[in-house]
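Structural description and commentary
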Amino acid sequence: MPPHRVGGLARARQLVDSARCVTVLTGAGISTDSGIPDFRGPQGVWTKDPAAERLSTLRAYLDDPEVRRHAWRVRLASPAWTARPNAGHRALVDLERSGKLDVLVTQNIDGLHQLAGNEPGRVIEIHGTLRDVVCLSCGDRGPTEPTLARVRAGEEDPACLRCGGILKSATISFGQSLVEADLARAEAAARRCDLLVAAGTSLAVYPAAGLVPLAVAHGAALIVANAEPTPFDRMADAVVREPLSEALPSILGTPPAASASLAVDPVRTSAGGPGPPHPHEQPAATTARPGPTRAPDTGPDLRCHGAPAPARQGTIPTTTRGATPWPRPS
Ligand SMILES: [Zn+2]
């Protein structure tokens, strides 16, 4: 066993302590402790119900009203609506408060990073979000809840209220491209970070997985924290196998000596609570996300300090999105 895999947690903590600019990539593994199942694992949604995968194929969604009706029933029952961030999510909020987090790229569509308290402008949802719906015809976009209310009230396949087009959750379906601006921001973050933390992702789906070799090629250290081996473990400076809700607080959390002022629960309520507005409360086309609101850094001199967290632009109508999170590798 290579020496770096011995004491992975301690080595990972050292790497975080000495890092100045951290980019994080998260996947389904960080949300399983919040009760959101993986899609492809042994207990995965698609593993147990192969027909579910068809729901996230754009062509089928467009062509088959029954697929859309099924998809809306699945969305209505999604565990994401009641899921709460776990200690792994909160550790990433601590990392942000430490001033070291530059960008948080997530493959998850559940919105839990923002719910935990990460600055929305720092989160790139590379596979979209379940918390918005978008019209596949006119591109109109808005929060999911009002459309779900229509489904609850009996509309099995609710149409766009503006143009009558087909509505779909704002996730990336098979057959769709990622939002180019999101990918470009994620790649820029991978290039400028001095540490990349890949947490809860099998690193098997591209282009997200490609951020790892990109960061390493630009000189970043690499921590891979995942229950199962990944194709990039051998490239990593530390590999962590422990459950993320235990491992991430240990690796990323505020050291005990500095935690006294952070004793408040960082979880924000989803409605009416303190903190910046949830990113999906208004159509993306008119959303101007607040800039970083970090307190002045008292810690290290950040290589990427103040890196802009631009508001994501409105979704282009052609980049429609779907019920489930995985775009086909391309
Ligand atoms: Zn429309």
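The rules behind each value
- Residues numbered from 1 in each chain as written.
- Predicted model: local features only at pLDDT ≥ 70, side-chain atom pairs only at ≥ 80, totals over all residues.
- Helix = DSSP H or I, 4+ residues; strand = E, 2+ residues; numbered from the N terminus.
- Buried ≥ 20, exposed ≤ 12 C-beta atoms within 10 Å, placed from the backbone.
- Axes fitted to C-alpha atoms, helices over the stretch in contact; angles between N-to-C directions.
- Parallel < 35°, antiparallel > 145°, perpendicular 65-115°, else oblique.
- Contact = placed C-beta atoms within 7 Å.
- Nonpolar A, V, L, I, M, F, W, Y, C, P; charged D, E, K, R; others polar.
- Core = buried A, V, L, I, M, F, W, Y, C linked by C-beta atoms within 7 Å.
- Pairing = 2+ DSSP bridges.

1. Focus on the environment of D17
Counting through the fold element by element, D17 comes out in helix α1 (residues 8-18). For D17, a count of 13 C-beta atoms within 10 Å translates into the label partly exposed. Along the sequence, D17 and I251 sit 234 residues apart, while their C-alpha atoms lie 8.8 Å from each other.

2. Regarding the packing of α1 against helix α11 (residues 244-252)
Running from amino to carboxyl end, α1 crosses α11 at an angle of 40°, the nearest separation of the two axes being 8 Å. The angle between the axes of α1 and α11 places the two elements in the oblique class. Residues L9, A12, R13 and V16 of α1 form the contact with α11, whose participating residues are A247, S250, I251 and L252. Of the residues that constitute the contact of α1 with α11, the class distribution is 6 nonpolar, 1 polar and 1 charged.

3. Considerations on the nonpolar core
Ranked by internal contacts, the top residues of the largest apolar core, which has 54 residues, are V105, L195, L196 and I223. Excluding anything up to four places from it in sequence, L195 contacts L15, V16, A19, V22, A220, A221 and I223. Of all hydrophobic cores here, the second largest spans 7 residues; its members include V133, V134, L136 and A170.

4. Concerning the sheet that holds strand β2 (residues 101-106)
As summarised here, the arrangement of the 6 strands in space is β3-β2-β1-β7-β8-β9, forming an open sheet in which the pairing is parallel. Each edge of the sheet is formed by a strand with only one pairing partner; in this case those strands are β3 (123-125) and β9 (238-240). The sheet shows a mean angle of 15° between the axes of neighbouring strands, taken without regard to direction. Summarising the sheet, strand β7 (residues 195-199) and strand β8 (residues 221-225) pair through 5 bridges and their orientation is parallel. Of the residues in β8, the one forming a bridge with V197 is I223. On the sheet, helix α6 (residues 87-97) packs against β1 (22-26) and β2 and is oriented at approximately 150° with respect to β2. Each of β1, β2, β3 and β7 is contacted by helix α9 (residues 180-192), which is oriented at about 135° to β2, the strand it contacts most.

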